[in-house]
Amino acid sequence: MGRFRLRTGVRWKIAFAISAVSALIAVTLSVVVHNAARISMLDNAREVQMERLLFAQRMYETSKPKEPRFGTKINDPALPPQLDQLMRDRRRGTFVQEHRHGGPPDVWAAVPLANGDVLSLHIPFADRSARIMADLDRALVIGSVTVVLGGCAGGILIGAQLSRRLRKAAAAAGRVAQGNTDVRVREAVGGVVRDETDDLAWAIDALTDALHERIEAERRVTADIAHELRTPVTGLLTAAELLPPGRPSELVRDRAQAMRTLVEDVLEVARLDGASERAELQEIALGEFVERRVRTLDPAVVVRVVHESWVNTDPRRLERILGNLLANAARHGKPPVEVTVEGRVVRVRDHGPGFPGALLKEGPSRFRTGASDRAGRGHGLGLTIAAGQARVLGARLTFRNVAAEGAPEGVGGAIAVLWLPDHAPTNTGSFPVLRLPD
């Protein structure tokens, strides 16, 4: 069993930490103040009690007959053992006697007399002093609660500021991860006070710049290599056409044509990666356009126009996307291949084994054709080019698998969905409801 992990925000962690420290300090100070005040008041009560006893002693020694006054007693049997020991040593003293059952303690004072007797006086701790202690305790409790609540509120405010900056940094880093290398995390974080969040933002921006420079360098190298290969490959293809008829000549021409197609695809990918491509928009009837182009590309494909819609897009790039999706379905899927147009949404479905998991998770990747059951021929550039052309159109290309009813898992078909502008999927991945035939 996996270990349970409680996830909470930074603001609440900081608020809890500050509240805990505030509570600890408040309780410690309250205990110290309470004990110090009680000790001070008891010491004062003992001094007053001793002054009363000494005054009563003078009155007892000068009066005739000698009688204890002011509540004093001679040889009180209730004298605490601590004071009894002092009296045997012929020393005067005071003592605070606590009661097991609670209540205010008794304050004792005792002095030895010349004849060996002990004169003592004890009274309960003054009610007024007890009330003062109760008021002090009440004030300490109120003050402690106020300090804890204030610390919690301050922690929430401080934590909220830090949490907000971290969320902004995370959102900006997420946009960078999606390929938007123009985003600067330090600008997204903002704020007047500088802290470790800014150090994190600077580090992410430095990493983004280094990654962007590396990607751009790789793109330039790829484009330069493909451009340099274009001329010799074209010459090779021309030379292959001059070979005498025969099976070896056909193989040479086929491979030369494949190499030329690969070079052109690599150049197109490099241009798309450079973000320099611009769409030439035209107003077209999407359903009619798709039906006409699909008939030209592959007459065996079934086309259904559920709902016609006029769109403002680049016909050449849209045809390129359709061609690549149909070629991928024909190469890696199984017939029948179906194209459905619903408003601004175009779906291309085959009935093969479906897209590999890596493609569904990470999207198309160049020179990776997926699992062996869907790899076949090709270099993995078709879907990469289709996704790049979709970005130029401001559209989005998504991929998913569907299992046919009663079919084993992994068999049912792959669906590529092109969302043209103004009809992009929501953040939850929802799409217009359309029942597709199995």
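Residues numbered from 1 in each chain as written. Predicted model: local features only at pLDDT ≥ 70, side-chain atom pairs only at ≥ 80, totals over all residues. Heavy atoms only, no water.

Here is the rule we go by: UniProt positions are given in the numbering used here, feature names are shortened, and annotations may be inferred rather than shown by experiment.
Identification of the protein as histidine kinase from Streptomyces gulbargensis is taken from an unreviewed UniProt entry. Heading Subcellular location (unreviewed entry) of the UniProt record for the protein holds this comment: "Cell membrane". UniProt, in its Catalytic activity (unreviewed entry) section for the protein, records the words "ATP + protein L-histidine = ADP + protein N-phospho-L-histidine."

### Observations regarding the packing of aromatic side chains
For any pair of aromatic rings, geometry is given as the distance between the ring centres together with the angle between the planes. Formally: Each Phe, Tyr or Trp ring, with Trp reduced to its six-membered ring, pairs with another whose centre is within 6.5 Å; inter-plane angles below 30 degrees give stacked pairs, above 60 give edge-to-face pairs, and intermediate values give tilted ones. Note on conventions: DSSP H or I runs of at least 4 residues are helices, E runs of at least 2 residues are strands, and numbering of each starts at the N terminus. Partly exposed residues are those whose accessible area sits between 20% and 50% of the maximum for their type, while under 20% is buried and over 50% is exposed, using a 1.4 Å probe and protein chains only.
Going through the model one piece at a time under the given rule, you end up with one aromatic pair. Where phenylalanine 355 meets phenylalanine 399, the ring centres are 5.2 Å apart and the plane angle is 75°; that geometry is what we call edge-to-face. Of this pair, phenylalanine 355 sits in the loop between strand S9 (345–349) and helix H9 (357–362) while phenylalanine 399 sits in strand S10 (residues 396–401), placing them 44 residues apart in sequence. Accessibility expressed as a relative area gives 6% for phenylalanine 355, which makes it buried.

### Regarding helix H10 (residues 382–392)
Most of H10 is tucked away, with eight of its 11 residues classed as buried. Where H10 is concerned, the buried positions are Leu383, Thr384, Ile385, Ala386, Ala387, Gly388, Gln389 and Ala390.

### What to know about a nonpolar patch on the surface
Definition in use: Patch membership requires over 30% relative accessible area and the absence of a salt bridge. Like charges are linked within 9 Å, and nonpolar side chains (Val, Leu, Ile, Met, Phe, Trp, Tyr) within 5 Å. Surface accessibility in these figures is a Shrake-Rupley result with a 1.4 Å probe; residues are shielded only by whichever protein chains are displayed. Here, a salt bridge means any side-chain nitrogen of Lys or Arg that lies within 4 Å of a carboxyl oxygen of Asp or Glu.
Together, Val21, Ile25 and Leu29 line one region of the surface with nonpolar side chains, adding up to about 280 Å² of accessible area. Take valine 21: it is sitting in helix H1 (residues 10–62).

### What to know about the environment of glutamate 291
Its location among the elements puts glutamate 291 in helix H7 (residues 286–297). What makes glutamate 291 partly exposed here is its relative accessible area of 31%. Between the C-alpha atom of glutamate 291 and that of valine 305, which follows or precedes it by 14 residues, the distance is 8.0 Å.

### Regarding the UniProt feature "transmembrane region" (unreviewed entry) in the protein
In the numbering used here, UniProt assigns the "transmembrane region" (unreviewed entry) feature to residues 12–33 and 139–160. Its end C-alpha atoms 31 Å apart, residues 12–33 is made of 100% helix and 0% strand.

### Considerations on the pattern of salt bridges
Enumeration over the complete set of coordinates arrives at seven salt bridges. The partner of arginine 292 in a salt bridge is glutamate 288, with the nearest N and O atoms 3.6 Å apart. Residue arginine 292 and its partner glutamate 288 are located together in helix H7, separated by four residues, close to a single helical turn. A salt bridge links arginine 317 to aspartate 314; the nearest nitrogen and oxygen atoms lie 3.4 Å apart. Aspartate 314 shares its class with arginine 317; the two are buried.

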